[in-house]
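Structural overview
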Amino acid sequence: MTEESTEAAETTEARTFDIPYRFEVDATTAALHAEHDGLEDGEETGTTATVAGRLMLKRDQGKIVFGVVQDGTGRIQIFAPAKTTPDFEAFTKLSLGDWIGVTGEVIKTRRGELSIRPSAWTVLAPTRRPFPDKWHGITDPDTRYRQRYVDLWVSEESNAALRARSRIMSLTRRWLEDRDFMEVETPIFHSIASGAMARPFTTHHNALDIDLFLRIAPELYLKRLTVGGFERVFEIGRVFRNEGISTRHNPEFTMLELYWAYADYHDVMELVEQLVSHLAMEICGTTTIEYDDRELDLAAPWKRASMTDLIAEHTGLDLSVDMDRDVLADIAREQGVEVKDHYGPGKLILEIYEKTTESQLWGPVFVTDYPKEVSPLSRDHRSEPGLTERFEAIVAGRELCNAFSELIDPDEQLERFEGQEADRAAGDAEAMGMDLDYIRALEYGLPPTGGLGIGMDRLVMLLTGSTTIRDVVLFPTLRAEQVHHADDAAPEENAEGSQTA
RNA sequence: GGGCCGCUAGCUCAUCGGGUAGAGCAGGGGACUUUUAAUCCCAAGGUGCCGGGUUCGAGCCCCGGGCGGCCUACCA
């Protein structure tokens, strides 16, 4: 087997076409269906339309060719009789996967299929690689994620989920802007990894000769803006956490954070339940959706319950951060928690909650009043000592967001950072970094502020029914693939573009 | 990171007690004037992920590696 013949099996011989520099489309396939699906079988409209897209199916009848063209909105049949189709011979030679533009009368065939009968057509891009199975498409997840450019036009569900993602982002922005929130962009390079508990990615700036972290959260920059007088800000952007990859985790993911001056965490709860139910109505047409074969009602208001009440409800254990640390540690061990020496009462309660209760919740429910020990950026609870005004929303059994009445006291914030540093010294690689400039900002005065972070990928999963995050991320993080191309293939190498070598 | 599983033609999948791989679709050639994954005929297409080992003989058994999936751990 020679190199040439191997390659010939994988890419078809180059066909040459005179490809225009632009092409004027005047209709989408969806619009044509919306307008003309009511036609009688065999009826003709007398109206001409021009569509463009990829040739997905072709049925050659000899003197008639039936094609199916797919654009970004759907599909339409091309009805091409030899008699009326220009350059008919060439039309019969088109390959599945070719991009074409077609102009012709909109008609309905005798068998009742809405079609365009071409009076003109042109190739817009010939495909040089073989078409995936036209019925099964691509099932190999590796290929779907690596070659999303194929997956997107072959797998309808992928296409729909990723388009829904784009709409969700757009709807979220509009909804927040309608409430006078202003979108901002803060740095992705951080010199201190702070604002969340996670391991960062590290990089280096040559000219400054300094190491930098990719941000794990935009939080501290956004609150600096509130100090600066931007009273309602939000950022939708990528954050980076150097942790495991799973069906719910991608190392880079999209976070919405917002800060709302003069509001508290009760206001933020209302905002979250309203935003999410609004998005559900827009995307799903209802707030009663199904996820993972279970029903979920996203209509506001959502249940609110404190962490300790939920633990009591699920285990019968009546816990409090006032309890003796060692007593709590024993209870934690009984529940299967791996207790570490530096865990205080608050951390132990959080661990017990995560072990016994969180996975039992389906939601939506706001879990409120987190221990101070595990909430270094949240303000002390106004009436519950040792707790903070913080909540997470559990929806479909997963954490959707994290929010709080922001800690505004610089002295208290400094102490919390010091506590984090102690944890880091005790071996906690995810402890938050000390940020003295942020303390300085607080010293200028941060008004009462409600803050929120939502994992947008998770939200998209929820609203599109996706059970893996990779289905809502266009290009999920994967190991590098070694792609060979025929032109640079060494003789002993496999001249293959889609396999690993 | 740990455990389990997978990798066969461009795509979707077969095959076997270890005896040298087979079909559909796509691609090539041909037939067909209303098809709907069209149909029919012909020909072609494989370093069975890679590298070792065992064996007279390995896609199949063993070891190592690569890539992926699921579960698990951390987090959103």
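Within each chain, residues carry numbers counting from 1 in the order of the written sequence. To read the labels, note that chains go from A and ligands from 1, taken in the order they are written. Given that the model is predicted, a residue must reach a pLDDT of at least 70 before its local features are reported, and side-chain atom pairs must reach 80 or more before they are shown or counted; all residues, however, enter totals for whole chains, interfaces and linings. Hydrogens and water molecules were not included; the side-chain quantities draw on all heavy atoms of the structure.

Attention now goes to the sheet that holds strand 16 (residues 390–395). Spatially, the eight strands line up as an open sheet ordered 6-10-11-18-17-16-15-14, and their pairing is mixed. Only two strands of the sheet have a single partner each, and these edge strands are strand 6 (182–183) and strand 14 (303–306). Any two strands are treated as partners once DSSP identifies two or more bridges connecting them. Going along the chain from the N terminus, every DSSP run of H or I of four or more residues is numbered as a helix, and every run of E of two or more is numbered as a strand.

A separate point is the domain arrangement of chain A. You can read the domains of chain A as domain 1 (3–131) and domain 2 (304–362). Computed from C-alpha atoms alone, the centre-to-centre distance between domain 1 and domain 2 is 63 Å. Where each domain begins and ends follows an automated or database-derived domain assignment.

Taken together, three strands build an open sheet; the order of strands is 7-9-8 and the sheet is antiparallel. The sheet terminates laterally at strand 7 (189–190) and strand 8 (202–205), the two strands that pair on one side only. Here four bridges tie strand 8 to strand 9 (residues 210–214), and the two strands are oriented antiparallel to one another. Within strand 9, the position partnered with H205 by the bridge is I210.

We now examine helix 11 (residues 345–356). For an α-helix the count is 3.6 residues per turn, leaving residues at separations of three or four pointing the same way. Taking 1.5 Å of rise per residue, twelve residues should cover 16 Å, and helix 11 covers 16 Å from first to last C-alpha, within 8% of that figure. Every buried residue of helix 11 is accounted for by G346, L348, I349, L350, E351, I352, Y353 and T356. Tucked into the core, helix 11 has its buried residues touching helix 9 (307–315), helix 10 (325–334), strand 15 (365–368) and strand 16. Take the residue count of a helix, subtract one, and multiply by 1.5 Å to get its expected span. Per-residue accessibility, obtained with a 1.4 Å probe over protein chains only, is compared with the maximum for each type, and a residue is labelled buried under 20%, exposed over 50%, and partly exposed between these values. Contacts are assigned to residue pairs that have any heavy atoms within 4.5 Å of one another.

Only one rule defines a salt bridge in this text: a Lys or Arg side-chain nitrogen within 4 Å of an Asp or Glu carboxyl oxygen. Summed over all chains, the structure comprises 30 salt bridges. A salt bridge links E24 to R22; the nearest nitrogen and oxygen atoms lie 3.0 Å apart. Per residue, the accessibility class of E24 equals that of R22, and both read exposed. We note a salt bridge from D142 to R146, for which the minimum N-O separation is 2.8 Å. Of this pair, D142 and R146 both sit in helix 4 (residues 141–146), four residues apart, which is roughly one turn of the helix. Exposure remark for R146: the relative accessible area of 23% places this residue in the partly exposed category. Where salt bridges share partners, they join R144, R148, D151 and D471 into one cluster.

Turning next to the packing of aromatic side chains. For Phe, Tyr and Trp, rings pair up if their centres lie within 6.5 Å, where Trp contributes its six-membered ring, and each pair is then called stacked (planes under 30 degrees apart), edge-to-face (over 60) or tilted (otherwise). For the coordinates displayed, the defined rule picks out eight aromatic pairs. Geometrically, the ring pair formed by Y265 and F391 is tilted, given 6.4 Å between the ring centres and 40 degrees between the ring planes. Taken together, the residues span a long stretch of sequence, with Y265 in helix 8 (residues 265–284) and F391 in strand 16 at a distance of 126 residues. Each member of the pair, Y265 as well as F391, is classed as buried. These aromatic residues form a ring-pair network of at least three members: Y265, W302, F366 and F391. In this arrangement the basic side chain of R54 is found over the ring face of W153, its NZ or CZ atom lying 3.9 Å from the centre. In this structure, K347 packs its charged tip against the face of Y343, placed 5.2 Å from the ring centre. For a Lys NZ or an Arg CZ to count as sitting over a ring, it must be within 6 Å of the ring centre and within 35 degrees of the ring normal.

Considering the arrangement of structural elements, one finds T287 in the loop between helix 8 and strand 12 (288–291). Setting aside residues up to four positions removed in sequence, T287 forms contacts with S277, A280, M281, L296, D297, L298 and A299.

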